[in-house]
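Report on the structure
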Amino acid sequence: MSIKELKPINLVFYSKWDSYEKWRNVLLKQNIKLFMWPKDFNLNTLYPNINGALVWDPPEDMWQSFPNLKIIQSLGAGVDHILKKPFPKGIHILKLSDPDLSNQMAEYVLMSVLMCHRKFFQYLVHKKKKDWNQLIPLDKKTFTITLLGYGAISKLVIKKLLYMGFNIKAWGKNKRRPKNIKYYYGKDQLKDSIKDSSCLISLLPATSTTNNIIGLAEFKLLNKECYFINVGRGNTVNEKELIYALNDSILTGAILDVFKKEPLHKTSKLWTLNNVYMTPHIAGITNATNYSACLLKKNFEALNQNKKISNIVDNTNGY
Ligand code: GLV
């Protein structure tokens, strides 16, 4: 494409959590201009020169100012924060897929798995009692892990867990035939994928089909000593049943990074349970990277040339 044909890319930015300055600087290197909503705009005015948006949890009233939006780029791997409110139709919504974010997520999951496998929940109790008692972890081959979700991040996690010697099962929405693990798919096979595992990990997105997909019945299928790790979305778990399972030692422990309502309400029982480690949705923190800025530029170029755009969301699936 010649310089003449390159259309200027002007984006509107909205996020309460991400740094506007960092994104502005990294995008400028790609010749992309970033403007902040609502600070840089007059309300009730149309801005036809804005052709894209870079957002986390955007307010629905911002869209009406931008009649020529072509791409809405999520500031996270998930897009539920965009889809949950009315948004302009006929526009490509893109999830963020960046090795920096995927690696952080994978590291968080590995850390959590190792904490469970090496019995950190039990040692927390021992510490309170000043109890010097050495516990022997199960053989890694016997400590079976079930991963719910089979997207790019899950595949990275699986690769790393296999390398460490764990036994892995995975469950996804669609039929596939991965060579290295036992794979299950569809609602009918969910229970089989969880049965007899020691650790259940959810990397599921928030969609209408994943709502409350995990609850007491699923926890009861796990082995006697068992753990739940949630780094996907809070809506996928029945939180009342999760609390019951933790209270009743149906689950030995849980490591939770996502919740039904965030920030987690101060009255939630989860704050006070001794067998829960919690973090405030930080398993993967989006950084303003050159990788993401280049990919966004490439996607605008692909759009102008009617070529394939990467990381596009299927609005019917919701991810
Ligand atoms: C975080 O939750 C993300 O969607 O990247």
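These figures come from a predicted structure and were not determined experimentally.

In a beta sheet, neighbouring strands are held together by backbone hydrogen bonds and run either parallel or antiparallel to one another. Read across the open sheet, the 7 strands follow the order S8-S7-S6-S9-S10-S11-S12; overall the sheet is parallel. Single-partner strands in this sheet number two, and they are strand S8 (182–185) and strand S12 (276–278). On average, adjacent strands in this sheet sit at an angle of 15° to one another, irrespective of strand direction. With 4 bridges connecting them, strand S6 (residues 144–148) and strand S9 (residues 199–202) associate as parallel partners. Looking across to S9, one finds that Leu147 is bridged to Ile201. With respect to the sheet, helix H4 (residues 120–128) is in contact with strand S10 (227–230), strand S11 (253–256) and S12, its orientation differing from that of S12 by roughly 105°.

Pairs may arise between side chains of opposite charge once their charged atoms sit close together. What the rule picks out here adds up to 7 salt bridges. One salt bridge connects Asp40 with Lys39, and the closest N-O pair in it is separated by 3.3 Å. Residue Lys39 is classed as exposed on the basis of its relative accessible area of 63%. With a closest N to O distance of 3.5 Å, Lys84 and Asp57 form a salt bridge.

What follows covers helix H8 (residues 239–247). Residues Glu239, Leu242, Ile243, Ala245 and Leu246 constitute the buried set of H8. With its buried residues spanning 160° around the axis, H8 presents them on a single face. You can read the cap of H8 off the contacts: a side-chain oxygen lies 3.2 Å from the backbone nitrogen of Lys240, and it is on Asn238. A positive phi of about 55° marks Ser249, the residue just after H8.

So, about the sheet that holds strand S2 (residues 32–36). Here 5 strands make up an open sheet; going across it, the order is S2-S1-S3-S4-S5 and the pairing parallel. At either margin of the open sheet sits one strand with a lone partner, and together these are S2 and strand S5 (92–94). Ignoring strand direction, the axes of neighbouring strands in this sheet form an average angle of 25°. Examined bridge by bridge, strand S3 (residues 52–55) and strand S4 (residues 71–74) share 4 bridges and lie parallel to one another. Along S4, the bridge assignment pairs Val55 with Ser74.

Before going further, it helps to spend a moment on the domain arrangement of the chain. Split by domain assignment, the chain resolves into domain 1 (3–98 + 286–304) and domain 2 (100–278). When domain 1 packs against domain 2, close to 660 Å² is buried across both sides, 46% of that on carbon and sulfur atoms. Taken as a group, Asp80, Asp98 and Asn287 account for 57% of the area that domain 1 buries against domain 2, more than any other trio of residues on that side. For the interface between domain 1 and domain 2, the tally reads 1 salt bridge. Its salt-bridge partner being Arg233, residue Asp80 comes within 3.0 Å of it at the nearest N-O pair. Counting across the interface, domain 1 meets domain 2 through 5 residue pairs in polar contact (both at pLDDT 80 or more). Of the residues contributing to the side of domain 1 that touches domain 2, the split by class is 3 nonpolar, 4 polar and 2 charged.

Neither face of S9 is open: one carries Cys199 and Ile201, the other Leu200 and Ser202, and all of them are buried. Two elements, S9 and S10, share 4 bridges in a ladder whose sense is parallel. Across the sheet, the residue bridging to Cys199 is Tyr227, located in S10.

The next point concerns the packing of aromatic side chains. Following the criterion strictly, the structure yields 13 aromatic pairs and no others. Ring geometry for Phe143 versus Tyr227: centroids 6.3 Å apart, planes at 40°, classification tilted. With Phe143 in the loop between H4 and S6 and Tyr227 in strand S10, this pair connects stretches of sequence that are 84 residues apart. Tyr227 carries the same exposure label as Phe143, and that label is buried. Ring-pair connections join several aromatic residues into one group, and the members of that group are Phe35, Trp37, Phe41, Tyr47 and Phe66. Across the ring face of Phe87, the terminal group of Lys89 is positioned such that the distance to the ring centre comes to 4.0 Å. Here Lys140 stacks its cationic end above the ring of Phe166, 5.8 Å away from the centre of that ring.

Moving on to the site of the ligand. As a matter of local geometry, the ligand sits amid Trp56, Gly76, Ala77, Gly78, Leu101, Arg233 and His281. Between the ligand and the protein, one listed contact pairs an oxygen atom with a backbone N or O atom of Gly78 at 2.7 Å. For the ligand, whose unbound accessible area comes to 190 Å², protein coverage reaches 90%. Looking at the shell around the ligand, its residues break down into 3 nonpolar, 3 polar and 1 charged.

What counts, and at which threshold
- Residues numbered from 1 in each chain as written.
- Predicted model: local features only at pLDDT ≥ 70, side-chain atom pairs only at ≥ 80, totals over all residues.
- Heavy atoms only, no water.
- Pairing = 2+ DSSP bridges.
- Helix = DSSP H or I, 4+ residues; strand = E, 2+ residues; numbered from the N terminus.
- Axes fitted to C-alpha atoms, helices over the stretch in contact; angles between N-to-C directions.
- Contact = heavy atoms within 4.5 Å.
- Salt bridge = Lys/Arg side-chain N within 4 Å of Asp/Glu carboxyl O.
- Buried < 20%, exposed > 50% of the residue type's maximum accessible area, 1.4 Å probe, protein only.
- Arc of directions from axis to C-beta.
- Polar contact = N/O pair within 3.5 Å; in protein donor to acceptor, adjacent residues only side chain to side chain.
- Domains from an automatic or database assignment.
- Buried area = accessible area lost by both parts, 1.4 Å probe.
- Nonpolar A, V, L, I, M, F, W, Y, C, P; charged D, E, K, R; others polar.
- Phe/Tyr/Trp six-rings, centres within 6.5 Å; stacked < 30°, edge-to-face > 60°.
- Lys NZ or Arg CZ within 6 Å of the ring centre and 35° of its normal.
- Near = heavy atom within 4 Å.
- Areas by Shrake-Rupley, 256 points an atom, 1.4 Å probe, with all protein chains shown as cover.

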